[in-house]
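Observations on the three-dimensional arrangement
Listed below are the residues making up each chain.
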Amino acid sequence: MKSKLYRLSFRLFFCLTFLSFTALTAQEYFPKNDGVKTKNTNYTAFTNATIIVSPTQTIKKGTLLIKDGKITNVGSNITIPKNTININLEGKSIYPSFIDVYSNFGIAETKSQRRSFGQAPQYDTNRKGYYWNEHIRAETNALDVFNYDSKKAEELRNAGFGVVNTHMQDGIVRGNGILVALNSEGSNADRLLDVNSAQYLSFNKSSASKQVYPTSLMGAMALLRQVYIDADWYAKGNIDTKDLTLEAFIINKNLKQIFYAGDKHNALRADKIGDQFGVQYTIVGQGNEYQLVDEIKKTNATYIIPINFPKAYDVSNPYQADYINLEDMRYWNQAPTNLSVLAKNNIPFSLTTHSLKSLKDFTKNLQKAIDYGLDKTKALEALTTIPAQILGKSNQIGTLSKGMQANFLITDGDIFDAKSKLYENWVQGTKNVIKDMSVKDLSGNYTLNLDEKTYDLTFTGEANTPKATIKRDTIKLKGSVTYNDNWLGLILSDKGDNIQLNARIQSDSDSINGNAQLANGKTVNWSAIKKPSTSKDKKDKKDKNLRDIMPITFPNIGYGFSEKPKEETLLFKNATVWTNENEGILENTDVLIKNGKIAKVGTNLSAGSAKVIDATGKHLTAGIIDEHTHVAAQSVNEAGQNSSAEVTIEDNIDSEDINIYRNLGGGVTSMQILHGSANPIGGRSAIVKLKWGEIGDEMIYTNSPKFIKFALGENVKQSRYPTTTNRFPQSRMGVEQMLTDYFQRAKEYDAVKKSGTPFRKDIEMEVLAEILNKERFITAHSYVQSEINMLMKVAEKFNFNINTLTHILEGYKVADKMKAHGAGGSTFSDWWSYKYEVNDAIPYNASIMHNVGIVTAINSDDREMSRRLNQEAAKTVKYGGVSEEEAWKFVTLNPAKLLHIDDRVGSIKVGKDADVVLWTDHPLSVYAKAEKTIIEGKVYFDLEKDKNQRLKIQTERNELINMMLNEKNGGAPTQAPKKSVKKELHCDTINY
Amino acid sequence: MKIIKNIVASLLFVFTIQLTAQQTPADKQSEVITIVGATAHIGNGEIIENSVITFENGKITAIDNVATTNTSGKIIDAKGKHVYPGFIMPNSTLGLGEIDAVKASVDQSEIGGVIPHVRSLIAYNAESKVVESMRPNGVLLAQITPRGGRISGTSSVVQLDAWNWEDAAVKVDDGIHLNWPNSFSNGRRRFGEEPGIKPNKDYGKQVEEIKQFLIGAKTYKLSSESIKNLPYEASLGLFDGSKKLYIHADNAREIIDAVTFSKEMGVKNVVIIGGYEANKTIDILKKHSIPVLVQRTQSLPNHNDDNYDFPYKLPKLLTDAGILVGLENSGSMERMNSRNLPFYAGQVVGQGLDKEKALQLITGNTAKILGIAKDYGTLEVGKSATLFISEGDALDMRTNQLSHAYIDGRLLSLETHQTELWKRYSNKYSK
């Protein structure tokens, strides 16, 4: 606490000194021992300039008056005090300098702490007096680790920046930031505009810590939520011990909140958390926001967008080009339009140099964005007024109004024009020369007269480092050029003779006159007369080679929809209908779908306005429901603790997983995306419909039943971990005690909560209490009979039931007990022998459980198998002789029952959701293909449409490859072909 | 302490294995058997409806239509049923591992990189519980293949009802398995590499290493020295045609390189295994009559933009192009999944391949590719009576129901560890 208080007072002290500086001068109260006091009270005026006061206000022939690092006046007709130094900027423009609000300027990166091979994982914190999780680092004070970096400051100034907001880019909560003017002449006393400018957050763990939790995106999200709750509880004085992290967090909560999302979906995730706690984050994006622009707009956030565009892939080798996903090629193609799309949708954004490999690319990329439609006013706002607004500093920086910091740029024209030159970048009234504007630009073609001979002389390149080409007739001569302090020196070599030419350049003349020393020692006069520029040069520059931009799809990857599917009224004529109801399998039957529901089932139904689909010889069934999958999850395991009830898969659905589409191609319409099995109490599930093209939140069932994954056996006891570990439990014995402990604590928690006394809200306990209150159901990953039996007994002790036992490969051994308990079983059709606990797994399991009277389902837990669950159901006909009608229910109605959604889906019944599949053949046959997969009356998969998609993908790939070849042939830099891969997720996958 | 733990663990393991005895291998065929009335699926694309199949001393002595053939010996009435040649699983690790996650139970790979002399056959566990689970699905033969390294070793073909590996052997040391270098490599995060798949910079070097080895072997053949070199010795059969070179390769460039290379090296018989992009290399495969053992049909496309059903369809594309195609199944959980071989073939029928042609992918074609077609793979007079009777279409899971299965005329038990547990617990609940 002491150190914290000290730091706070230190900060306060700094703010005060800063204020005093701006009011007077820095040296006002400092003793002076090396001479006399030399207070400068002069003004500087920049006259005759085009002054862009703000992106929306321009003064022609204006004057900017500054003193003591601030703007004292600006206008076209202002009074200039007598003690003013005048700088005539005739023909020049003055812009407010740029601001980067997402920088790590002057703050060294944290050295990554990685667990060495064989080292036990660190589950608990090593810190004392701070929050329990080391990735929450609200106490990080950027100023403590700040070292002004003059070299970087110069680079930033050269790119047009005057002020940056910097912070330690490390951890989930990253502490505060500091606002720094890039004034390399001054000291921190001048430069620091704010030492508490914002609080920074992200979903990324700290590289300074090896603490395991969180291992997942959803874990990071849950952790952040709990921090908000704990900070609130702490602020109310309910925690006796000191927590310096929470104390800092409580103070920082009053600052601007900047969230590094780094991805369009993470932006939505961050905003969701903010909404929950009444915080509107400013969100740092990635550059792909255009792909979800409607959703991005709905966040109402201001964005900070990096301006880093991918290079074209080198596709010159067709075998290698095949490896690049269309989505990555498309991203190359579309990325330059991101900013214009955001601007057109009125989404406020500022720009950052973050993620740029070289600052030199900043201007180039910005010009590219403008070429691809970004409005210049918006561009300037994004670099000046909006960053100032984000930081609440509009009264100090971002415009050139009276009283503002004297941070401005001097150019010779439109700052976003590639031909314009940036001459000076003034920061806090300090001049920084980027290009000497007094240097005359010699560029152009000249006629050189020397010693009675005529030469063609051409200057190209930068004004102060010109390059010269000298030709006599058409012969190019050797030579060199120097240009310093207004003196031009040329050496040319003609027929072996070296001639030295010198000239003092006159700023008001296009002719050059000087002396030349010939090889024979003779000195003669020479002159060069500028030729009028030809129109051809201009034309070349105008002709920008803009590529065609590919339209986006939903999602923006291969097989995405150009237009999201619309609800249709459909009449299936003459189908074999597998009702899953008492009617059984109906031959030659019609089914009408209307308003997203099954409207009628019968014969000779009249079509009305419905689109008729001839289903003669085909089979119509309810859509397949996969009770156990990890498809479409960004992460599946929060393995950092033995219980992770606080996390939910709903937080991290990956709606762009191509396996969603492939599953539709296998007739799957609903699935439960489960947490993995890395710990006994896993995380909450997402029960979704496969609405390809929608974002995760739209896929989740409305009023979704609440589920959570539990797990038992080899995975939770970490039996195949390569290292020793200290996480309890390490045996099945421990699992029982661990579960009992958590349920007991949840019971006690719930009792306190219900008693009405104040309590510390704990997300994990809230979830477990829901289980005790029978509001949330358990799907438990389980294999051997001992553990299955144990889990049911633990549940019974706490007076609830296990809803579903998943995997449940030895369910057949305890089917009677499961039946008595009331648990359902969701199992593999024929998997076994992949690990020790499935040694006794048999493909007859489903049939035995079913025969005993258990609600039985067949699930996948595998993204490949998921898309042919119809075949897996068929295996129960082979193994154990289940009737075809019942076997079909194993992948439709029964999982619907297990998931408590059988009132909406799972059978063909009037009033249920129109989630149906039309099969080309008997649906249990290995020969059957899903011809149409329909969810709520919308056709999400259609064999015919799929055929078109294939052609479109091929055409688009070819076009993009052609564009990239052009890019390469045009000399643009390329990147090696690369295939981005999403990791295949199973129960035991730990990533992140 | 750790050692004691390990001993206890291994004892426990052995004990568990002994708890459930394996099915006893069948005795030699002692009487003439005739199957009457079934639809005979020959395995060469043909069928005989209402057939008569007679076999004696393990060999098929007659196969024809009921109307034209005399019946003899023990008659099995198979009216309305189907008879198939035993399915053949090439490129398999059956019997080389029991439980994937228990390291002590797995013997599928050896260290050394280029080790053609390492032989899978002697590690083949004829009593594996996984092996016995093949028979009720009609999988009766397999090529036992080592995994890993550049040249993983030498495979052998076995039948799946035997007392021991010697007894099981059908074709000893049939070929050498070469894992062709991947022209792409995956960035390894733990070595600080950027994740994602990028062109493999070492590809050329890796190909050169194989080349140097084979040149070494050819040169060694000419030597009169008496000192033996086991890896070279094991490779000699590649040049006289007594051993096949099975090249595991997927990418089009790799396949073209592999074929060109092996022809340059004078390798007589080459088979491509995997072949995900073999459809892009039809010309060179046809030119050199190179067969392909296509990867597991029930798998995901390799690339996001590939057709969702591409792996289902690939064998058809190659068959239609006139290439000799068989199916293989290597990959995750490959041993236990081997019993799904018939359904991998069935999957291709859904893509429009004729059912009998699909059957060839796991019978006649595979026998030709493995070099055992003289005795196995089709139902023809003079060939081994390795066949089974199914209640229905054996390529479709609903109807793959075996009543009888024979290897070399021996009547197999169709019981397994799994059927015993099924019966035990079904009985428990029916009481």
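On a predicted model such as this, the values are computed, not experimentally measured, just so you know.

Looking now at the overall build of chain B. When its secondary structure is counted, chain B shows 14 helices and 18 strands. Projected onto its principal axes, the C-alpha positions of chain B cover 65 × 60 × 55 Å. Partitioning the intrachain contacts of chain B with sequence separation of at least 6 by distance along the chain shows that 68% fall at a separation of at least 24.

So, about the overall build of chain A. Along its length, chain A carries 25 helices and 43 strands. For chain A, the spread of C-alpha atoms along the principal axes amounts to about 115 × 70 × 55 Å. Classification of the 992 residues of chain A by burial places 52% in the buried group.

Residue and element names in this part refer to chain A. Where helix α4 (residues 217-235) meets helix α6 (residues 264-276), the closest approach of the two axes is 11 Å, and the angle between their N-to-C directions is 20°. The angle between α4 and α6 falls in the class roughly parallel. Along this stretch, α4 crosses α6, giving a crossing that reads as right-handed. Mapping the contact onto sequence places Met221, Leu224 and Arg225 in α4 and Arg269, Ile273 and Gln276 in α6. Of the residues in the contact of α4 with α6, the class split is 3 nonpolar, 1 polar and 2 charged.

Here we take up the sheet that holds strand β37 (residues 804-807) of chain A. Residues and elements named next belong to chain A. If you walk across this open sheet you meet the 6 strands as β33-β35-β36-β37-β38-β39, and the pairing is mixed. The open sheet has two edge strands with one neighbour each: β33 (681-684) and β39 (856-858). Direction aside, the axes of adjacent strands within the sheet are offset by 25° on average. Sheet topology places strand β38 (residues 824-827) next to β39; 3 bridges connect them, and they run parallel. Each residue of the ladder has a partner; that of Thr827, found in β39, is Ile858.

Facing 42 residues of chain B, the contacting portion of chain A comprises 53 residues. Secondary structure elements with two or more residues in the side of chain B that touches chain A: β11 (197-199), α7 (252-264), α10 (334-337), α11 (341-349) and α14 (417-430) of chain B.

Residues and elements named next belong to chain B. If you walk across this open sheet you meet the 8 strands as β6-β7-β8-β9-β12-β13-β14-β15, and the pairing is mixed. In the strand order of this sheet, the two ends are held by β6 (87-92) and β15 (325-327), each with one partner. Neighbour-to-neighbour, the strand axes of the sheet open up by a mean angle of 30°, direction not taken into account. Across 3 bridges, the pairing between strand β13 (residues 270-274) and strand β14 (residues 292-294) is parallel. From the neighbouring strand, Ile272 faces β14, where its bridge partner is Val292.

This paragraph deals with the domain arrangement of chain A. Along its sequence, chain A is carved into domain 1 (444-542) and domain 2 (624-904). Domain 1 of chain A and domain 2 of chain A are separated by 81 Å when their C-alpha centres are compared.

What follows concerns the pairing of strand β32 (residues 668-673) of chain A. Residues and elements named next belong to chain A. Among the 6 residues of β32, 6 are classified as buried, and the element is accordingly described as predominantly covered. Pairing between strand β31 (residues 624-629) and β32: 4 bridges, direction parallel. The partner of Ile625 across the bridge, within β32, is Ser670. Handedness of the crossover is the feature at issue here: the chain leaves β31, passes through helix α15 (residues 658-664), returns alongside β32, and the resulting connection is right-handed. Judged from the 4 bridges that link them, β32 and strand β34 (residues 686-689) form a sheet pairing that is antiparallel.

To continue, consider the domain arrangement of chain B. Residues and elements named next belong to chain B. By the assigned domains, chain B splits into domain 1 (24-86 + 377-414) and domain 2 (88-374). Distance between the C-alpha centres of domain 1 and domain 2: 29 Å. In this assembly, 27 residues from domain 1 lie in contact with 29 residues from domain 2. If you list the elements that add at least two residues to the side of domain 1 that touches domain 2, you get β5 (82-85), β16 (387-390) and β17 (402-407). Ranked by residues supplied to the side of domain 1 that touches domain 2, first place goes to β17 with 3 residues. For the side of domain 1 that touches domain 2, the residue count by class is 14 nonpolar, 10 polar and 3 charged.

Residue and element names in this part refer to chain A. Spanning 27 residues, helix α25 (residues 943-969) covers 39 Å between terminal C-alpha atoms, matching the ideal 39 Å at 1.5 Å per step. Among the residues of α25, those classed as buried are Gln949, Arg957, Leu960, Met964 and Glu967. Tucked inside the fold, the buried residues of α25 contact β14 (312-313) and α9 (326-334). Phi turns positive one or two residues past the end of α25, at Gly971, with a value near 90°.

Turning next to unusual backbone geometry. Residues and elements named next belong to chain A. Cis peptide bonds are those with omega within 30 degrees of zero, and the linkage from Tyr213 to Pro214 qualifies with -5°. Looking at the element boundaries, Pro214 is found in the loop between β10 (198-202) and α4. Looking along the chain, the bond that leaves Phe728 and enters Pro729 is cis, with omega of 5°. Structurally, the position occupied by Pro729 is in the loop between β35 (707-711) and α17 (732-755). One non-glycine residue, Lys61, adopts positive backbone phi at about 50°. The topology assignment puts Lys61 in strand β2 (residues 57-67). On the basis of neighbour counts, which here come to 13 C-beta atoms within 10 Å, the residue Lys61 falls in the partly exposed class. The phi dihedral of Asn604 falls on the positive side, at around 50°, and the residue is not glycine. Among the structural elements, Asn604 can be located in the loop between β28 (597-602) and β29 (611-614).

Our focus in this paragraph is the packing of α17(A) against helix α18 (residues 763-772) of chain A. Residue and element names in this part refer to chain A. Their axes nearest at 9 Å, the elements α17 and α18 cross at an angle of 90°. Taken together, the axes of α17 and α18 lie roughly perpendicular to each other. When α17 is examined against α18, the residues Tyr742, Phe743, Arg745, Ala746, Lys747, Tyr749 and Asp750 are found in contact with a partner set consisting of Met765, Leu768, Ala769 and Leu772. Looking at side-chain class alone, the contact of α17 with α18 contains 8 nonpolar, no polar and 3 charged residues.

Our focus in this paragraph is the pairing of strand β17 (residues 422-426) of chain A. Residues and elements named next belong to chain A. Burial runs high along β17: 4 of the 5 residues are buried. Judged from the 4 bridges that link them, strand β16 (residues 408-411) and β17 form a sheet pairing that is antiparallel. In the sheet register, Leu409 faces β17, and the bridge partner there is Asn425.

Turning our eyes to something else, we now look at α17(A). Given 3.6 residues per turn, any residue in an α-helix points the same way as the ones three and four places further on. Residue and element names in this part refer to chain A. The end-to-end C-alpha distance of α17 is 35 Å, a good match for the 34 Å that 24 residues give at a rise of 1.5 Å each. By the burial criterion, the buried members of α17 are Val735, Met738, Leu739, Tyr742, Phe743, Ala746 and Tyr749. Tucked inside the fold, the buried residues of α17 contact β33, α18 and α19 (785-797). Just downstream of α17 lies Gly756, where phi reads positive at about 90°.

Across chain A, the average pLDDT comes to 92, with 95% of residues at or above 70. Note that pLDDT drops below 50 for residues 8-26 of chain A; the model gives that stretch 14 contacts with residues more than four away or on any other chain.

Right, let's get into the environment of Asn525(A). All names here are of chain A. Structurally, Asn525 is set in strand β25 (residues 523-530). Asn525 sits 10 residues away from Asn515 along the chain, and the two C-alpha atoms are 4.5 Å apart. Apart from the residues within four sequence positions on either side, Asn525 is in contact with Asn513 and Asn515.

Per-residue pLDDT for chain B averages 93, and the proportion of residues at 70 or more is 94%. In this model residues 1-19 of chain B is a low-confidence stretch, pLDDT under 50, and it forms 2 contacts with partners more than four residues away in sequence or in other chains.

It is worth spelling out the environment of Thr282(A) at this point. All names here are of chain A. Along the chain, Thr282 falls in strand β12 (residues 282-284). Separated by 448 residues in the primary sequence, Thr282 and Gln730 have C-alpha atoms spaced 44 Å apart. Look past the residues within four positions of Thr282 in its chain and what remains in contact with it is Lys256, Gln257, Ile258, Phe259, Ala301, Thr302, Ile304 and Ile390.

Residues and elements named next belong to chain B. Topologically, Lys81 is positioned in the loop between β4 (74-77) and β5. Separated by 43 residues in the primary sequence, Lys81 and Ala38 have C-alpha atoms spaced 4.8 Å apart. Residues in contact with Lys81, not counting those within four places in the same chain, are Ala38, Ile389, Ser390 and Glu391.

Basis of the calculations
Each chain carries its own residue numbering, running from 1 in the written order of its sequence. Working convention: letters from A go to chains and numbers from 1 go to ligands, in the order in which they are written. Local features are withheld for residues below a pLDDT of 70 in this predicted model, meaning they are given only at 70 or higher, and side-chain atom pairs are given and counted only at 80 or more; totals for whole chains, interfaces and linings count all residues. Secondary structure follows DSSP: runs of H or I at least 4 residues long count as helices, runs of E at least 2 residues long count as strands, and numbering of each begins at the N terminus. Any pair of residues counts as being in contact when their C-beta atoms, constructed from backbone geometry, are within 7 Å of one another. Exposure classification rests on a simple neighbour count of other C-beta atoms within 10 Å of a residue's own: a residue reaching 20 or more is buried, one at 12 or fewer is exposed, and one in between is partly exposed. C-beta atoms are placed from the backbone. Angular values range over 0 to 180 degrees, each being the angle between N-to-C directions of two axes fitted as lines to C-alpha atoms, with helices fitted over their stretch in contact. In this scheme, roughly parallel covers angles under 35 degrees and roughly antiparallel covers those over 145, while 65 to 115 is roughly perpendicular and the rest are oblique. Here is the rule for handedness: rotate from the far helix to the near one, and if that takes an anticlockwise turn smaller than a right angle the crossing is left-handed, while a clockwise turn gives right-handed. Three classes are used, and their members are as follows: Ala, Val, Leu, Ile, Met, Phe, Trp, Tyr, Cys and Pro are nonpolar, Asp, Glu, Lys and Arg are charged, and the others, Gly among them, are polar. Pairs of strands are assigned from DSSP output, requiring at least two bridges between the strands. These domain boundaries are the output of an automatic or database domain assignment. Assignment of crossover handedness uses the view with strands pointing away from the viewer, where a clockwise path from the first strand over the helix to the second indicates a right-handed crossover. Given the number of residues in a helix, its expected span is that number minus one, multiplied by 1.5 Å. Confidence of the prediction at every residue is given by pLDDT, a number between 0 and 100.

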